[in-house]
Amino acid sequence: MARVGGESAAATFALGAVYGIAGFCAGPILGGVLTLAGTSGGALAGGVLLAVYAAGIAAPLFLLALLWDRVGTRGRQRLRGREIRLGPWVRHSSVVASSLVFVGLGIAFIVFQGSSALSGVYADLGAADLAISLEAGVGALIRANSIISTLALVVVIGLAVRVAVGGRRRSP
């Protein structure tokens with residue numbers, strides 16, 4: 001069996017195949033965020049947009065990492081699940097659970113024609129107007145006070161790093 005190195009054509013193909021499988025979900029969103037960042041009118045506004053996107057992607061992972069440290073050995077054993085056996089069919093409980101979630105999402109997309117049914121819910125709750133107002137307000141603030149916005153972003157990132165590092169130091 002040939003070994004796939006980092007500079008070979010096989011490695012490049014494998015990377016493309018993995019991205020093709022995993023990136024169909026996050027790729028369009030990342031493309032939209034990059035387009036908005038590129039057309040935002042300034043490097044700072046684009047950088048803030050990308051930083052917020054990255055924080056939104058990373059925050060659940062940091063939360064899971066913090067919770068993982070706190071659940072202890074017994075909690076980790078529960079979270080790892082078990083093997084499920086029905087005759088010759090053998091699967092891990094996490095595979096069964098995630099499969100059921102994806103089947104449920106597929107049924108919801110078919111029934112509600114994608115996410116188009118949610119637009120009425122957003123409008124009824126005023127979420128669309130709120131999002132537009134918040135975006136306009138934050139954009140105006142960043143354009144008017146670019147140095148203050150940059151310093152505020154640096155402080156927030158610094159505090160987040162301090163909390164993450166500080167929490168890790170206290171762990172036994």
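Residues numbered from 1 in each chain as written. Predicted model: local features only at pLDDT ≥ 70, side-chain atom pairs only at ≥ 80, totals over all residues. Heavy atoms only, no water.

A word on the overall build of the chain
Okay, step 1: Within the chain, the secondary structure is distributed over six helices and two strands.
Okay, step 2: Put simply, the chain has 172 residues, and 7% of those count as buried.
Okay, step 3: Contacts in the chain between residues at least 24 apart in sequence constitute 23% of all its contacts with a sequence separation of at least 6.
Okay, step 4: Accessible surface, the chain: about 14,000 Å² in total, of which carbon and sulfur atoms supply 71%. (Helix = DSSP H or I, 4+ residues; strand = E, 2+ residues; numbered from the N terminus. Buried < 20%, exposed > 50% of the residue type's maximum accessible area, 1.4 Å probe, protein only. Contact = heavy atoms within 4.5 Å. Areas by Shrake-Rupley, 256 points an atom, 1.4 Å probe, with all protein chains shown as cover.)

Description of the pairing of strand β1 (residues 83-86)
Okay, step 1: Across four bridges, β1 lies against strand β2 (residues 89-92) in antiparallel orientation. Along β2, the bridge assignment pairs Ile-84 with Arg-91.
Okay, step 2: Between β1 and β2, which pair antiparallel in sequence order, lie two residues; one of them, Gly-87, sits at a positive phi of approximately 65°. (Pairing = 2+ DSSP bridges.)

Here's the deal with the pattern of salt bridges
Okay, step 1: On inspection of all chains with the given rule, the structure shows one salt bridge.
Okay, step 2: A salt bridge links Glu-83 to Arg-85, with the nearest nitrogen and oxygen atoms 3.4 Å apart.
Okay, step 3: For Arg-85, a relative accessible area of 56% translates into the label exposed. (Salt bridge = Lys/Arg side-chain N within 4 Å of Asp/Glu carboxyl O.)

Some words on helix α3 (residues 93-111)
Okay, step 1: Under the 1.5 Å per step criterion, the end-to-end length of α3 is 27 Å for 19 residues, consistent within 8% with the ideal 27 Å.
Okay, step 2: Positioned one or two residues after α3, Gln-113 has a phi angle of 55°, which is positive. (Expected span 1.5 Å × (residues − 1).)

Some words on a nonpolar patch on the surface
Okay, step 1: A cluster of nonpolar side chains, contributed by Val-103, Ile-107, Val-111 and Phe-112, occupies part of the molecular surface with about 390 Å² of accessible area.
Okay, step 2: Along the chain, the position of Ile-107 falls in helix α3. (Patch = residues over 30% accessible without salt bridge, like charges linked within 9 Å, V, L, I, M, F, W, Y side chains within 5 Å.)

Observations regarding the environment of Thr-150
Okay, step 1: Looking at the secondary structure, you find Thr-150 in helix α6 (residues 146-170).
Okay, step 2: Along the backbone, Thr-150 and Leu-44 are 106 residues apart, and their C-alpha atoms lie at a distance of 7.5 Å.

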